[in-house]
Amino acid sequence: MRTLALLCSSLLLAVPQVAAAQSSTPCLTPREFTALSTYALPSVISGTSRACATALPAGAFLRQGGTELAQRYATGKAKAWPEAKSAFLKMASAKDAGSARLFATMPDDALQQIADAAFAGIVTGQIKPDSCTTIDRVVALLAPLPPENTAELIAVAVGLGSKAGTSKLGNLPLCKA
């Protein structure tokens, strides 16, 4: 479970941190979180592969198959985008309503470029080299799964805490499942 938590935390690191949640702040539904996971996984995998490139041996999964896995997982991005966009805008609104309004007026292709760069870049800057071996192992174990199953598995793992009201993406709460 700790290893799955590391992979989940890699995804969570990719999402901008938001201001402290207030009682009036909306929550992310399990469906929105799954869509956001589906959309973000290719960027997270790419960012993780880059962040861990020097910390992993040449034969490590991320060094050998990370690019291919990210490309395979990218097949679900377009379908997930409408709900992922909603989640992204909800998170932006919780942090800064002005930014959310700006993002909401952007064409999808421009907003997707911002989201992709944020997901990959934040992960690249946050992963510690000593966690790369464990993350590589988890990604290798999850790689045979279809992208939808991996995203759903991450959502379920994170959602377990939402039953107790403790799961958050940054400071934005996940709706109770």
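Residues numbered from 1 in each chain as written. Predicted model: local features only at pLDDT ≥ 70, side-chain atom pairs only at ≥ 80, totals over all residues. Heavy atoms only, no water.

Chemist: I'd like a rundown of the state of the cysteines, residues and numbers included.
Modeler: What we call a disulfide is simply a covalent bond connecting the sulfur atoms of a pair of cysteines. All chains considered together, the criterion is met by one disulfide. Between the sulfur atoms of C52 and its disulfide partner C132 the distance amounts to 2.1 Å. Negative torsions about the S-S bond denote left-handed disulfides, and the value of about -80° found for C52 with C132 makes this one left-handed. Here C52 is found in helix α2 (residues 30-52), whereas its partner C132 is found in helix α7 (residues 132-142), with 80 residues between them in sequence. We classify C52 as buried; its relative accessible area is 0%. (Disulfide = S-S within 2.5 Å. Helix = DSSP H or I, 4+ residues; strand = E, 2+ residues; numbered from the N terminus. Buried < 20%, exposed > 50% of the residue type's maximum accessible area, 1.4 Å probe, protein only.)

Chemist: Got a sec to walk through the confidence of the model for the protein? Specific residues and values, please.
Modeler: Detailed reading of predicted coordinates is not advised where the pLDDT is low. Per-residue pLDDT for the protein averages 81, and the proportion of residues at 70 or more is 79%. Scored below 50 in pLDDT, residues 1-6 shows nine contacts in the model against residues more than four places distant or in partner chains. Scored below 50 in pLDDT, residues 12-23 makes 33 contacts in the model with residues more than four places away or belonging to other chains. (pLDDT = per-residue confidence, 0-100. Contact = heavy atoms within 4.5 Å.)

Chemist: How would you sum up the packing of helix α3 (residues 61-73) against α7? Please name residues and give values.
Modeler: Closest axis-to-axis distance for the α3/α7 pair is 11 Å, and the angle between their directions is 45°. Considered as vectors, α3 and α7 are oriented oblique to each other. Considering the relative orientation of α3 and α7, their crossing is left-handed. Residues F61, L62, L69 and Y73 of α3 form the contact with α7, whose participating residues are I135, D136, V139, A140 and L142. For the contact of α3 with α7, a count of residues per class yields eight nonpolar, no polar and one charged. (Axes fitted to C-alpha atoms, helices over the stretch in contact; angles between N-to-C directions. Parallel < 35°, antiparallel > 145°, perpendicular 65-115°, else oblique. Left-handed = near helix turned anticlockwise from the far one by under 90°. Nonpolar A, V, L, I, M, F, W, Y, C, P; charged D, E, K, R; others polar.)

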